[in-house]
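Here are the chains, one letter per residue:
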Amino acid sequence: MPNASTRPKRGRRTRRQPREDPARNELVSRSLESAQQCLFNQDYGTAFVHYLLVLNLAPMLKDFARESFRFTLFKWADELDSVGRVQDLFNCFEQALELFPADEVILNSMGEHLFRMGFRDEAAGHFHKALKLKPDYPEARENFYRVANWLVERWHFLMLNDRGRNQKYQQAIQKAVERGCNTVLDIGTGTGILGMCAKKAGAAEVFACELSKTMYELACEVVTANGMKGGIKILHKKSMDMEVPKDIPHRVSLVVTETVDAGLFGEGIIESLIHAWHHLLLPPQQISDDIMSLEPSKTGRVIPAGATVFGMAVESVEIRRHHRLCVSEVGGLSLGAAGQLHSPVSCTADADDSLEPYTTERLSRIPGGYTALTEPFRAMDIDFNNVTELEGLSSRETQRLHLPVTQEGNLDALAVWFQLHLDQESSLSTGPQEDTCWEQAIYPIQNPNSVALRPGDQLVVDVSCRDAFLRLCSISVVRDGHEIRLDPHLSVGTQQPGTNPNPTATAAPAPTPAATPTPTPTPESELCSALAGLQTHQSPPRETCVLECSEIALLNNRHYHQSFNQALDTLLTGLALAKENSSAIGPVNPTTATSTTTPSPSSTAAAAAAKDPNDDLLYFLDVSEGFSLLPLMAARHGHVKAYSSVEKSQHQDVLRRLAGANGVHEKRLEFWLNQANEKDPAVLKRPSREKLWSAIVLDCVETCGLIRQRLMEKASLASCLLEEGGRVFPERIVLYGMLVESDTLLLESAVQGQEPTLGFNIAPFINQFTVPVHVFLDFSTLDCRHLSESVELFVLDLMKASANYTNREVKVRATSSGRVTAVPFWYQIHLDPEVSVSTLSQDSHWKQAAVVLQPSLEVRAGDWVCLAVQLHKSSISMSARIDSEDASAGLPAVAMTTS
């Protein structure tokens, strides 16, 4: 029993207050005063050091100094960024987060710096932490959506929603495990679905690796949620850095992977499999072995077992206008002096390493469609279970194929796809006619002249695998027995080193070169061929310049440049006339304003002679992103001095050549090196101390279909820098949209439950990266049902910032019954009251975007849907509901909230 004589315990003592330290208090006070003084003097680095000292010595001042400390940190970080002191920048943020670990603003800012420098995984982590601390923080939410588009592209959702694809992989893995492959390595595991298939099939040991930190963490969550945490070991590592027994205890009997892109080899499957065969896999099955007599797990194998590559020549206006210049004149400018302009996609013999060998397109949804000019041909076979073949792929002889042309048209590209052989019984096709999550690889023709093909021609194509990339290059066209060269760097009739002119893998089902009769040449064809050869060999080499695909498409957009030319002509002509009238009247002296004395002709002439010719100049500034001809178009309008924001020296050279060829004096075109940028729009400033701008062009819409970041800040500043009568181009942007039902957009935005993922619980984890706004959308080819007419959703006035609003409610009448899953949107860009361009036009270089509604909204024909549209900086969000009020009697109602 308790000892009754024991004294009762005394209550807890009150904690003694820390003793005041006068010296410390004096140091804190002086450091705080110094920090504020340095801040006033814009000495942000010293101010930051003082604030660190103050807040470490006196943590109770954190709430008081938080705002000033943030401001100092961000200004100092911008300075460090501008001089390339990246490590110091991140050290400052780490010190700040030690003081304020739960500050969502600092976390978001550090994420922005990380993302801008290419650290996307780390940036996503900081944005995600900021959102967890403050879920309604719009800047962090917008940034997280942007980085999510990079980290988890839409094809991830499509792939996981493709039950047929997932089931075929599952069946192949099941058969391999049942035949004795009981140790498995999943290379590039992603969400972990293939590794979980192996474990569910009964594999004794399953390992997986993933290089992306974001996907590695997601895979760990998925495996745990599916009860397999102890059965699958996931490594955050590249497979080529893995070793036995450091990372896995022994070699495995099965590797499963889908590290392939549209061009098959682009994600490094060849290198990773060569490494796996040498270091991670058991020896391969030998052809002479009796499979039935071998003990289980004594040999290794790969799923997929191999692949067959197919291709065809195509005509496509959409591909053509994005990869080579198709016009000789736009906006009154002759482009002959520009040289050869082409996209950064080329696999010609002289292409440098900075160029991509191919791009990708989903041919079934390409605007304007495409025409197949040849039958599909078999380009290559590859066996992933043959390490000797894998190692010899890059040194394999170039295969030269002669492809019979079956359809008349212009040669714009070679389209390539493949059949992935999972095992001997099962395969997946990425062909353009397949219902697949895959796009096709596109090898565009960069020849500056059109290549017209007709039935009876033969297209000569070289197939190789240099630098572990699949490369297809159109070499020439054989017509009437004569070869017309397409690649100007190769001589007609010559053979590339390592080229096999009579390959065993020839075009199929087309006949082999030996089986194709050679027509008897005619005198006319010989003459044409000779002239073509003479022109090719004797012409001096043209200057070449690489532009982005969207910049090439913009140059090819005649309507865009004609519209700008018209709007510029109206503005500049009016301003020039106003200046002339002002000069003729002359300055008015208030003291003699009532005098009726007429100035003498001699005094007028003297005044004109003494006048600075620059006084009559109109100043034009183009701060468009990327390559733009607008400054040249402005400079051609009389007394105009135009400034371009083009920064690359190669692009400046093109503009200078064009200026000279179009009669623009070199002093009338300058390059505005202190151009507006995303971090500091305040670098927009006057052309000189005494002058203001006559016109400022802002790039308002990103190619992907979103409003550019900080557009309204730049517009507000630009409008303050205009002379009287000057204009910001465009002056107004109108956002239009439409209600649609589209299963495609749903499948591209989120995993639709557990059924497509074979019962595995993946959706809640991958759907954390669902982005409500889809970008780079081609609305003209989107598989959808229109449930309403197009309607105006939002208006942005770039000349009157005070007239803008942040929220708007619009009532839209449903014209058909269905399920509203999304609202695609686009812009009408008004250059002036009379001239505008649309981002929805067929020749636009812009794509469209769409807000995917969560959840979808069931409507009946005649229902009024209330759309709540919100614009925060460049982020557009929408929600929809059925309007309960009777709106059928009038026009759609609109409610706005002014910013």
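Caption draft 1: Structural view of the overall build of the chain. Scanning the chain from N- to C-terminus turns up 23 helices and 40 strands. Sorting the 899 residues of the chain into buried and exposed places 50% on the buried side. Partitioning the intrachain contacts of the chain with sequence separation of at least 6 by distance along the chain shows that 75% fall at a separation of at least 24. For the chain, the exposed surface amounts to about 43200 Å²; the carbon and sulfur share of it is 51%.

Caption draft 2: Spatial organisation of the packing of aromatic side chains. One pass over the full model with this rule turns up 17 aromatic pairs. Pairing Phe90 with Phe119 gives two aromatic rings, centres 6.3 Å apart and planes at 80 degrees, and the pair type is edge-to-face. Of the two residues, Phe90 sits in helix H4 (residues 86-99) while Phe119 sits in the loop between helix H5 (104-116) and helix H6 (120-133), which places them 29 residues apart along the sequence. What makes Phe90 buried here is its relative accessible area of 9%. With a relative accessible area of 37%, Phe119 lands in the partly exposed category. Pairing Tyr560 with Trp846 gives two aromatic rings, centres 6.0 Å apart and planes at 70 degrees, and the pair type is edge-to-face. Linking Tyr560 in helix H17 (residues 558-585) with Trp846 in the loop between strand S36 (836-838) and strand S37 (848-859), this pair joins segments that are 286 residues apart in sequence. Looking at Trp846, the relative accessible area reads 7%, which means it is buried.

Caption draft 3: Inspection of the pairing of strand S3 (residues 232-235) at higher detail. Sheet topology places strand S2 (residues 205-209) next to S3; four bridges connect them, and they run parallel. Within the sheet, the bridge partner assigned to Val206 lies in S3 and is Ile232. As a crossover connection, the stretch from S2 through helix H11 (residues 213-225) into S3 is right-handed.

Caption draft 4: Highlighting unusual backbone geometry. At the junction of Val244 and Pro245, the peptide bond is cis and its omega measures out at 5 degrees in the coordinates. As for its position among the elements, Pro245 is in the loop between S3 and strand S4 (254-257). Across the junction of Phe729 and Pro730, the peptide omega takes the value -5 degrees, indicating a cis bond. Position of Pro730 among the secondary structure elements: in the loop between strand S28 (722-729) and strand S29 (732-737).

Caption draft 5: Here's a closer look at the packing of H5 against helix H7 (residues 138-151). Remark: H5 packs on H7, axes separated minimally by 10 Å, with the N-to-C direction vectors making an angle of 30 degrees. On the basis of the axis angle, H5 is roughly parallel to H7. The way H5 lies across H7 gives a crossing that is left-handed. Two secondary-structure elements touch here, H5 through Asn108, Glu112 and Phe115 and H7 through Glu139, Ala140, Asn143, Val147 and Trp150. Its residues assigned to classes, the contact of H5 with H7 comprises four nonpolar, two polar and two charged.

Caption draft 6: Quick peek at the pattern of salt bridges. As enumerated under the stated definition, the model contains 40 salt bridges in all. For the salt bridge of Lys847 with Asp778, the shortest nitrogen-to-oxygen distance reads 3.0 Å. Note that Lys847 is positioned in the loop between S36 and S37 and Asp778 in the loop between strand S31 (773-777) and strand S32 (785-786), a separation of 69 residues in sequence. Like Asp778, Lys847 is buried. Via salt bridges that share partners, Asp63, Arg66, Glu67, Arg70 and Asp103 belong to a single interconnected network.

Caption draft 7: Molecular detail of H6. Over its 14 residues, H6 extends 20 Å from the first C-alpha to the last, a length consistent with the 20 Å expected when each residue adds 1.5 Å. The complete set of buried residues in H6 reads Asp121, Ala123, Ala124, His126, Phe127, Ala130 and Leu131. Summarising the contacts, the buried residues of H6 are in contact with H4, H5, H7 and H11.

Caption draft 8: Layout of the sheet that holds strand S24 (residues 618-622). Read from one edge to the other, the open sheet built from five strands follows the order S26-S25-S24-S27-S28, with strand pairing classed as parallel. The sheet is open, and its two edges are formed by strand S26 (669-671) and S28, each paired on a single side. Neighbour to neighbour, the strand axes of the sheet diverge by 20 degrees on average, direction disregarded. With four bridges connecting them, strand S27 (residues 693-697) and S28 associate as parallel partners. In the sheet register, Ala695 faces S28, and the bridge partner there is Arg727. In the packing of helix H20 (residues 649-661) onto the sheet, the strands contacted are strand S25 (640-644) and S26, and the crossing angle to S26 comes to about 175 degrees. The strands touched by helix H21 (residues 711-720) within the sheet are S27 and S28, with S28 carrying the most contacts at an inclination of about 155 degrees.

Caption draft 9: Representation of the side chain of Asn556 within the structure. Along the polypeptide, Asn556 turns up in the loop between helix H16 (549-555) and H17. Asn556 gets classed as buried once you look at its relative accessible area, which sits at 11%. Discounting chain neighbours no more than four positions away, the residues touching Asn556 are Arg321, Arg324, Leu325, Cys326 and Val327.

Caption draft 10: Broad picture of the environment of Leu758. With respect to the helices and strands, Leu758 occurs in the loop between helix H22 (743-749) and helix H23 (763-766). The spacing of Leu758 and Asn161 is 597 residues in sequence and 9.9 Å in space, taken between C-alpha atoms.

Caption draft 11: Molecular detail of the packing of H5 against H6. Closest axis-to-axis distance for the H5/H6 pair is 8 Å, and the angle between their directions is 160 degrees. In terms of their interaxial angle, H5 and H6 are classed as roughly antiparallel. For the crossing formed where H5 meets H6, the hand is left-handed. Residue-level contacts link Glu104, Leu107, Asn108, Met110, Gly111, Glu112, Leu114 and Phe115 of H5 to Arg120, Glu122, Ala123, His126, Phe127, Lys129, Ala130 and Leu133 of H6.

Caption draft 12: A look at H4. The end-to-end C-alpha distance of H4, which contains 14 residues, comes to 21 Å, matching closely the 20 Å that a straight helix rising 1.5 Å per residue would cover. Along H4, the residues classified as buried are Leu89, Phe90, Cys92, Phe93, Ala96, Leu97 and Leu99. Packed against the buried residues of H4 are helix H2 (44-57), helix H3 (62-82), H5 and H6.

Caption draft 13: Layout of the sheet that holds S3. One open sheet accounts for five strands, arranged S3-S2-S1-S4-S5; its pairing is parallel. If you trace the sheet from one side to the other, it starts and ends with S3 and strand S5 (301-303), each paired once. This sheet shows a mean twist of 20 degrees between the axes of neighbouring strands, independent of strand direction. Strands in contact with helix H9 (residues 163-178) are S4 and S5; relative to S5, the strand with the most contacts, it is inclined by about 165 degrees.

Caption draft 14: View of the pairing of strand S39 (residues 875-882). Bridge count for strand S38 (residues 864-872) against S39 is eight bridges, and the pairing is antiparallel. Each bridged residue has a counterpart across the sheet, and for His872 the counterpart in S39 is Ser875. Between S38 and the antiparallel strand that follows it, S39, lie two residues; Lys873 among them carries a positive phi value of about 55 degrees.

Caption draft 15: Representation of the environment of Ala35 within the structure. By the element assignment, Ala35 lies in helix H1 (residues 22-40). Ala35 sits in the buried class, given a relative accessible area of 0%. Expressed as a C-alpha distance, the spacing of Ala35 and Thr46, which sit eleven residues apart in the sequence, is 7.2 Å.

Caption draft 16: Structural detail: the confidence of the model for the chain. Chain-level pLDDT for the chain is 84 on average; 83% of the residues reach the 70-or-more range. Looking across the chain, the model is least confident in helix H15 (residues 523-538), with a mean pLDDT of 42, and most confident in S32, with 98. Across residues 1-15 the pLDDT falls below 50, and counting only partners more than four positions away or on other chains, this stretch makes zero contacts in the model. Confidence drops under a pLDDT of 50 for residues 489-539, and excluding neighbours within four residues, the segment shows 64 contacts in the predicted structure.

Caption draft 17: Structural view of the side chain of Ser212. Along the chain, the position of Ser212 falls in the loop between S2 and H11. Take Ser212: its relative accessible area is 18%, and that puts it in the buried class. Within the structure, the side chain of Ser212 is placed 3.3 Å from the side chain of Asp121, a separation counted as a polar contact.

Caption draft 18: Main features of the environment of Arg30. Along the polypeptide, Arg30 turns up in helix H1. The spacing of Arg30 and His50 is 20 residues in sequence and 9.2 Å in space, taken between C-alpha atoms.

Definitions and cut-offs
Residues numbered from 1 in each chain as written. Predicted model: local features only at pLDDT ≥ 70, side-chain atom pairs only at ≥ 80, totals over all residues. Heavy atoms only, no water. Helix = DSSP H or I, 4+ residues; strand = E, 2+ residues; numbered from the N terminus. Buried < 20%, exposed > 50% of the residue type's maximum accessible area, 1.4 Å probe, protein only. Contact = heavy atoms within 4.5 Å. Areas by Shrake-Rupley, 256 points an atom, 1.4 Å probe, with all protein chains shown as cover. Phe/Tyr/Trp six-rings, centres within 6.5 Å; stacked < 30°, edge-to-face > 60°. Pairing = 2+ DSSP bridges. Right-handed = clockwise from strand over helix to strand, strands pointing away. Axes fitted to C-alpha atoms, helices over the stretch in contact; angles between N-to-C directions. Parallel < 35°, antiparallel > 145°, perpendicular 65-115°, else oblique. Left-handed = near helix turned anticlockwise from the far one by under 90°. Nonpolar A, V, L, I, M, F, W, Y, C, P; charged D, E, K, R; others polar. Salt bridge = Lys/Arg side-chain N within 4 Å of Asp/Glu carboxyl O. Expected span 1.5 Å × (residues − 1). pLDDT = per-residue confidence, 0-100. Polar contact = N/O pair within 3.5 Å; in protein donor to acceptor, adjacent residues only side chain to side chain.

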